[in-house]
Amino acid sequence: MPGKGDAPVLPGARAVARHVRISPMKARRVVNLVRGLPAKEALTVLQFAPQAASEQVYKVLASAIANAENNERLDPDALLVSEAFVDEGPTMKRFQPRAQGRAFRIRKRTCHITVAVEAVAPATPRKAAKKTAPAKAAPAETQSNTEGAE
């Protein structure tokens, strides 16, 4: 993916779904859930999200992961959703007949969903640090404290 200026370019891939028959505002609600998450975790979130747009966003994310795996030879477990946004597409205009010869306009909105993934170092499970017991006080110190109290 091309980068701007002197910023280092991380390997990654992207996928775009155009003219998706969902309102952009409804799709943005779902895209905001997965932005910045690891790719596998984002797929799980989308799989169980109740919104209707989550199915379309799931497909785009799965496509971006497949692009990274097949075209860029990246490990799918080491991918992060770096970019995810929704743009407004063309609006289809329809008319609904109303009373007394009037007509109301119905706007059927569409959107373009873009998801980009990039490779990051795979998260390694941290080993639990050994907890050492606090050093016990020397027996001589405990005796001296008891002598002074008498």
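Parameters and conventions
- Residues numbered from 1 in each chain as written.
- Predicted model: local features only at pLDDT ≥ 70, side-chain atom pairs only at ≥ 80, totals over all residues.
- Heavy atoms only, no water.
- Helix = DSSP H or I, 4+ residues; strand = E, 2+ residues; numbered from the N terminus.
- Buried < 20%, exposed > 50% of the residue type's maximum accessible area, 1.4 Å probe, protein only.
- Core = buried A, V, L, I, M, F, W, Y, C linked by side-chain atoms within 4.5 Å.
- Contact = heavy atoms within 4.5 Å.
- pLDDT = per-residue confidence, 0-100.
- Axes fitted to C-alpha atoms, helices over the stretch in contact; angles between N-to-C directions.
- Left-handed = near helix turned anticlockwise from the far one by under 90°.
- Nonpolar A, V, L, I, M, F, W, Y, C, P; charged D, E, K, R; others polar.

Quick notes on unusual backbone geometry
No. 1: Residue His 19 is not a glycine yet carries a positive backbone phi of 60 degrees.
No. 2: The residue His 19 is located in strand E1 (residues 12-20) in this model.
No. 3: Overall, His 19 belongs to the partly exposed group, its relative accessible area being 47%.
No. 4: For Gln 100, which is not glycine, the phi dihedral falls at a positive 60 degrees.
No. 5: For Gln 100, the position within the fold is in the loop between strand E3 (92-97) and strand E4 (103-108).
No. 6: Overall, Gln 100 belongs to the exposed group, its relative accessible area being 70%.

A closer look at the nonpolar core
No. 1: Counting 31 residues, the largest nonpolar core has Leu 61, Leu 79, Val 81, Ile 113, Val 115 and Val 117 as its most contacted members.
No. 2: Of all the elements in the fold, those that place two or more residues in this core are E1, helix H1 (24-34), helix H2 (39-48), helix H3 (53-70), strand E2 (79-88) and strand E5 (111-119).
No. 3: Among all residues touching Val 81, those that are not within four sequence positions of it are Val 34, Arg 35, Gly 36, Leu 37, Ala 39, Ala 42, Leu 61, Val 115, Ala 116 and Val 117.

What to know about the confidence of the model for the protein chain
No. 1: Taken over all residues, the pLDDT of the protein chain has a mean of 86, while the share at 70 or more is 75%.
No. 2: By mean pLDDT, helix H4 (residues 139-149) is the weakest element of the protein chain at 58, and E4 is the strongest at 97.

Quick notes on the packing of H1 against H2
No. 1: In the contact formed by H1 and H2, the axes pass within 9 Å of each other and the chain directions differ by 140 degrees. Crossing of H1 over H2 shows right-handed handedness. Listed contacts from H2 to Val 30, Leu 33 and Val 34 of H1 are Ala 42, Val 45 and Leu 46.
No. 2: The residue inventory of the contact of H1 with H2, partitioned by class, reads 6 nonpolar, no polar and no charged.

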